[in-house]
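Per-entry structural report
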Number of protein chains: 2
Amino acid sequence: MEKIFEKIEEFNLGAFFVSKIENVRYLTNFTGEEGFAVVVPPEIYLFVDSRFTEQANKEVTKDVKIIEYAGDIASNVKNVLLKHKVHFLGVEEYKINLHTYRALKNLGFLVIAPLTNFVEEIRMVKTDEELEKIRKACSISTSAFLDTIKLLKPGITETDIASELEYRFKKYGGEKPSFTTIVASGERGSLPHGVASLNTIKEHVPIVFDFGVFFEGFASDTTRVVSIGDVDSEVKKAYSVIENAQKLGREKAKAGLKASELDKLVRDYIANNGLGEYFKHGLGHGVGLEIHELPYVNANSPYILQENMVITIEPGVYFEGRFGLRLEDTVIIKEDSIENLIDLPHDIIVV
Amino acid sequence: MEKIFEKIEEFNLGAFFVSKIENVRYLTNFTGEEGFAVVVPPEIYLFVDSRFTEQANKEVTKDVKIIEYAGDIASNVKNVLLKHKVHFLGVEEYKINLHTYRALKNLGFLVIAPLTNFVEEIRMVKTDEELEKIRKACSISTSAFLDTIKLLKPGITETDIASELEYRFKKYGGEKPSFTTIVASGERGSLPHGVASLNTIKEHVPIVFDFGVFFEGFASDTTRVVSIGDVDSEVKKAYSVIENAQKLGREKAKAGLKASELDKLVRDYIANNGLGEYFKHGLGHGVGLEIHELPYVNANSPYILQENMVITIEPGVYFEGRFGLRLEDTVIIKEDSIENLIDLPHDIIVV
């Protein structure tokens, strides 16, 4: 927690008000659905309503002070802010709602600084304990995936397969899917966010599986292409571009490289192989308490990769109305390389 | 959509800016994860980024105008607001974030009215089509529940049973759980929000199942107490109070009754039977596109029950460290009665 105290000092803030629940969890270890944190160095206060007091007492990190509140959050934090003589308060510009902002302002003694990614940037570099949870999430989702693809047969629906996969997430000890499971076969694969549908799966077409699970709050994220029987040569050709591009990304990623540079290396490779116009999204994103978090790995990312950041590497190509292909691993950035957390073959998996 | 146009006129607004995604869905039929709506009678505009344009085109209600945007939402709605000469804009006080509020304000030509429950109050009374979806969600979750409890045996974990239940939700055509499934046995039942844990289930103790599923965006919500073998007389005695209290709630609920009055009738019954201090939450809540929505059914609810509102009736008692009991149906309010959407016995279900 030293990092947030230092950052508050660096920004010359009196305190920082945390509304985003993942940031509250990060700072306090409280896993409930609703709560606020106020960081006033050297104290961290967690505000919860009576539904969550028992849970908070069980969960929070030593030294976090729990305050049970009722009614308006602003009037409840007032006393803490007064006690610590806070007059300059940082808030989360994209997360605090207008009601709470106005109520804080109406307290009458605060200058409020709207800030972006204040806690998220601290969360980018993971601790060993956090890495271990992400490793475990990846291993659970991999085991579940390997079991599930054995059930593929012509005529089964995408949702049936998705529900078999999610069922096995829980059986292997996962909490819940880290996002809506994608099982998109044939032309539905050309929708980058095409969640499982009632479409039935046919032979010889690529099926995009994009899936992940939470373990102790931390996410995994994997994409593989599977087919029942061999795919045709057109699909194979496009896939080999994606497979090599993704390999290039894994080979080049390391601490010190700009995230935007990594995106460019892979993007250029795909463009040089004639498929540039079909790769329509960023190369990847951070993974942690959120499935999509900093650092974003795309052309506009301002971040430099650092040791123990966790990112995805996921080039894809989408041929509208025909098919789509994507290959994705979740990896840890190391000093001179990566640790790949997804122990699966990179080829199309033919069942 | 006439209702929202009328309300905008009634409030003398030029337009209403919708940030809450469930409200965006309600007004446009768009089911994606991110988007904004601007209601400027007689038009409704849906703003989505490029990820969702294809989906929006497939889904939206006739007459909704789709605008694909990039970058800041405020600068994108500017042209629409100028075209319609809007100077007085309603926003959702609890949902709009500080960034968007400030950006709208900085456009320089708007007076902004922060409003609460503007769309939510319209959503309280359901259409026939919405009721049909909630009926179906209730029927899916009931079928899944009846199949799942056959698997109960001493030593199985709560999470195992929860994952079997959620698996069957999908098999029966549900989308996803409408909240984290609660399977809380023995003393864990005394936590009103005790989600399934790795605790193993024992014989002769009450197991609280609280579960629901989404179907076409609409939720169901049910609670039943199950046991493996008979429970002891203390549990039976407390349960009979809850069972009779819940029955009273179902008998008294009808259009024209204040929600707070319904809460009081049931609460008084439980208090008169000596368990008042153990019933710690409101009697129920509205169910629709959100699992908890208006009208709340508690002592402070300002709402009068109206025909085709959908609410839960769910009294419960919690004996800390010992056990908990709750019984819940989702019901439609009718002119002189209710339609109960949960076709399950109200007794403790002994397997």
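Up top is the structure these notes are about.
Quantities reported herein were computed from a predicted structural model and do not represent experimental measurements. (Residues numbered from 1 in each chain as written. Chains lettered and ligands numbered in written order. Predicted model: local features only at pLDDT ≥ 70, side-chain atom pairs only at ≥ 80, totals over all residues. Heavy atoms only, no water.)

What follows concerns the pairing of strand β7 (residues 182–185) of chain B. Residue and element names in this part refer to chain B. The side-chain alternation of β7 yields two buried faces, one formed by I182 and A184 and the other by V183 and S185. Both β7 and strand β8 (residues 207–211) contribute to a ladder of four bridges, which runs antiparallel. Note on β8: the bridge partner recorded for V183 is F209. (Buried < 20%, exposed > 50% of the residue type's maximum accessible area, 1.4 Å probe, protein only. Helix = DSSP H or I, 4+ residues; strand = E, 2+ residues; numbered from the N terminus. Pairing = 2+ DSSP bridges.)

On to the relation of the copies chain A and chain B, then. Overlaying chain A on chain B yields an RMSD of 0.0 Å, the required transformation being a rotation through 180° with an accompanying axial translation of 0.0 Å. Here the two chains are linked by the operation of a two-fold rotation axis. It is A:N97 whose C-alpha, among those of chain A, lies nearest the rotation axis, at 2.2 Å. A high fraction, 100%, of the interface residues of chain A reappear at the interface in chain B, so the copies pair face to face through one surface. (Least-squares fit on C-alpha atoms with pLDDT ≥ 70 in both. Contact = heavy atoms within 4.5 Å.)

Another point: the interface of chain A and chain B. Contact with chain A, which involves 25 residues of that partner, is made by 25 residues of chain B. Around 2500 Å² of area is buried between chain A and chain B when both sides are counted, 54% of it from carbon and sulfur atoms. Note that B:D160 is salt-bridged to A:K171, the shortest N-O span being 3.5 Å. On inspection of chain A and its partner chain B, the count reaches 18 residue pairs in polar contact (both at pLDDT 80 or more). Of all the elements in the fold, those that place two or more residues in the side of chain A that touches chain B are α5 (98–105) and α8 (158–171) of chain A. Tallying contributions element by element places α8(A) first for the side of chain A that touches chain B, with nine residues. (Buried area = accessible area lost by both parts, 1.4 Å probe. Salt bridge = Lys/Arg side-chain N within 4 Å of Asp/Glu carboxyl O. Polar contact = N/O pair within 3.5 Å; in protein donor to acceptor, adjacent residues only side chain to side chain.)

Attention shifts here to α8(A). Helix length check: α8(A) (14 residues) gives 20 Å between terminal C-alpha atoms against 20 Å at 1.5 Å per residue, within 8%. Burial runs high along α8(A): 11 of the 14 residues are buried. Turning to α8(A), its buried residues number three or more, namely A:E158, A:I161, A:A162, A:S163, A:E164, A:L165, A:E166, A:Y167, A:R168, A:F169 and A:K170. Close packing links the buried residues of α8(A) with α7 (128–149), β7 (182–185) and β8 (207–211) of chain A together with α8 (158–171) of chain B. Of the residues flanking the end of α8(A), it is A:G173, one or two places downstream, whose phi is positive at about 100°. (Expected span 1.5 Å × (residues − 1).)

Moving on, we come to the environment of A:I21. Residue and element names in this part refer to chain A. Mapped onto the elements of the fold, I21 is located in helix α2 (residues 21–28). Under the relative-accessibility criterion, I21 is labelled partly exposed at 26%. For I21 and E33, which are 12 residues apart along the polypeptide, the C-alpha to C-alpha distance reads 7.1 Å. With sequence-adjacent residues up to four places away left out, I21 is seen in contact with G32, E33, E34 and G35.

A word on the pattern of salt bridges. All names here are of chain A. Scanning the entire structure with this criterion turns up 60 salt bridges over all chains. The partner of R224 in a salt bridge is D329, and the shortest N-O contact between them spans 2.8 Å. Taken as a pair, R224 in strand β11 (residues 222–227) and D329 in strand β17 (residues 329–333) lie far apart in primary sequence, 105 residues in all. Here R224 and D329 have matching classes, each one buried. Salt bridges sharing partners connect three or more residues here, namely K20, E120, R123, K126, E290 and E293.

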